[in-house]
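# Observations on the model geometry
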Amino acid sequence: MSAFERRSVLFLTLLYIFRMLGLFMVLPLLALYAEQYEGATPLLMGLALGVYGLSQALLQIPFGMCSDRWGRKPLIAFGLLLFALGSLLAAYSETIWGLIAGRALQGAGAIAGVIMALVGDVTAERNRSKAMASIGAAIGVAFAISLVLGPVLASWGGLPVLFMVTAALAVVGLLILQLGLPDPPRMKKAAPAAFSEVLGHGALLRLTAAVFTLHFALMALFVAVPGMLMLQLGLQVTAHWQVYLPVMLLAFAFMVPAIIWAERAKRHHAVLRLSAALLFMAGLLLLLVGADLWAGAFALLAGLLLFFIGFNVLEASLPSMLTRLLSMEQRGAASGVYSTGQFVGTFLGGLAGGALLSLYGSSGVFALLVVLAVIIAGVLWQLPALPEFNTLFVDVHADRRHTAPGQLSGLPGVLEVAVSEAGVASIRVDEKDFREELLAALQLDAPMGQQIG
């Protein structure tokens, strides 16, 4: 990665850690503490838990489209501000309806798709899966920390303390965004693509269907697994991190070489199919849980490991493929559509998992996982081949920033050009036709008066 890419990915990763840490701390404890609120009923407690995902699903596309027009960082800042305000509203609420309103306002900060588009703006194609993997690892770390830290903070003052900390973490995210994350390049006078054009993109629809099914499976799985950890391994809720943390660390250890091999050998589709196969095998193993104490424990742990290896590879690879198959002016809207599918899958997966668990027990949920793995494999089977494009990042001197886009666009093999306010040019090229020596001859990092020859 270039220095610009490394800095961008580092601060995006930190942004994700601080934002997701606050969110994850609340999720496993909300149902336990929400019954203390005035007017609480099981239905309204469930609404308080799920309304965040509903707000996210409704607003991902508007946020993504607005980021194509007005830029990624302003929309991310606005989303973080809404998330912080929603956290404060929830912290100071004494009724269940106030809690629901706070959670809905938290979800209105629907920036997942915008961040995904931003990752595409600041990384080269060959590095994008690695960037997504770094962010995925950050999410895993935040999840593991939240399982330990959340109960401790809640013991000091219940949900109000958790929501106050969540608001503070969102403010830290705003500081990271404004002071650390470099401005992404933007196309000069770029006109955002028509939404109908974006929505009609076949690869986008397939990738959205895949991530919908993947997160449907994840949420359904998490409905059943906590109970199995208690029954099969005898672990109380506060000790579940002792399973999740090592499983996730091992899963990330397997994920990294898989992604590196896919990039170097250009075997992206083979890795996607292998990941779907791992999800299928995980479902079969989990169906064996409960048959015998020791065999069931092994099946549970091995099934979780295989599931998270497959899940993490897909979670990093699918958005990377999305940003590679669509142009820069389509990324925000396309990422919004993709993220909408993700959050709708999360919402419906939780409902379906709960229904199956009540009707058929954990085996019903694990059987569903097997079916969903087959669906994911089928959806991904006919994805188009990735184009042989790459993105270069070049520092442009202040005297050259107005003329650089026109000069670069005239080079053979150059497809898109964008320049940030800080003077970083993003040049998307067709590697078959592009020649780097032509780029070097332009000497963009030198003032106009100091050019040679």
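Structural data are supplied above this passage.
The following refers to the structure shown. Quick caveat, the model's predicted, so the values are computed rather than measured. (Residues numbered from 1 in each chain as written. Predicted model: local features only at pLDDT ≥ 70, side-chain atom pairs only at ≥ 80, totals over all residues. Heavy atoms only, no water.)

### A few points about the packing of aromatic side chains
A complete count under the given rule lists five aromatic pairs for this structure. Their ring planes at 20° and their centres at 5.9 Å tell us that Phe307 and Phe311 sit as a pair that is stacked. Taken together, the positions of Phe307 and Phe311, both in helix H11 (residues 293-325) and four residues apart, correspond to about one turn of that helix. Exposure remark for Phe311: the relative accessible area of 7% places this residue in the buried category. (Phe/Tyr/Trp six-rings, centres within 6.5 Å; stacked < 30°, edge-to-face > 60°. Helix = DSSP H or I, 4+ residues; strand = E, 2+ residues; numbered from the N terminus. Buried < 20%, exposed > 50% of the residue type's maximum accessible area, 1.4 Å probe, protein only.)

### Structural notes on the pairing of strand S4 (residues 424-430)
In terms of burial, S4 is largely enclosed, as seven of its seven residues are buried. The sheet contact formed by strand S2 (residues 389-395) and S4 spans seven bridges and is antiparallel. Looking across to S4, one finds that Asp395 is bridged to Val424. In the sheet, strand S3 (residues 414-419) pairs with S4 via five bridges, with the strands oriented antiparallel. For Ala418, the partnering residue across the bridge sits in S4 and is Ser426. (Pairing = 2+ DSSP bridges.)

### A few points about helix H12 (residues 331-360)
Note on helix geometry: an α-helix contains 3.6 residues per turn, so any two residues three or four positions apart are oriented the same way. Counted at 1.5 Å a residue, the expected span for H12 with its 30 residues is 44 Å, and the 41 Å between its end C-alpha atoms agrees. Two residues or fewer after H12 comes Gly361, characterised by a positive phi angle close to 80°. (Expected span 1.5 Å × (residues − 1).)

### A word on a nonpolar patch on the surface
A contiguous nonpolar surface patch, about 580 Å² in accessible area, is contributed by Phe78, Leu81, Leu85, Leu88, Tyr92 and Met164. Along the polypeptide, Met164 turns up in helix H6 (residues 125-180). According to the relative accessible area criterion, Met164 is partly exposed, its value standing at 35%. (Patch = residues over 30% accessible without salt bridge, like charges linked within 9 Å, V, L, I, M, F, W, Y side chains within 5 Å. Areas by Shrake-Rupley, 256 points an atom, 1.4 Å probe, with all protein chains shown as cover. Salt bridge = Lys/Arg side-chain N within 4 Å of Asp/Glu carboxyl O.)

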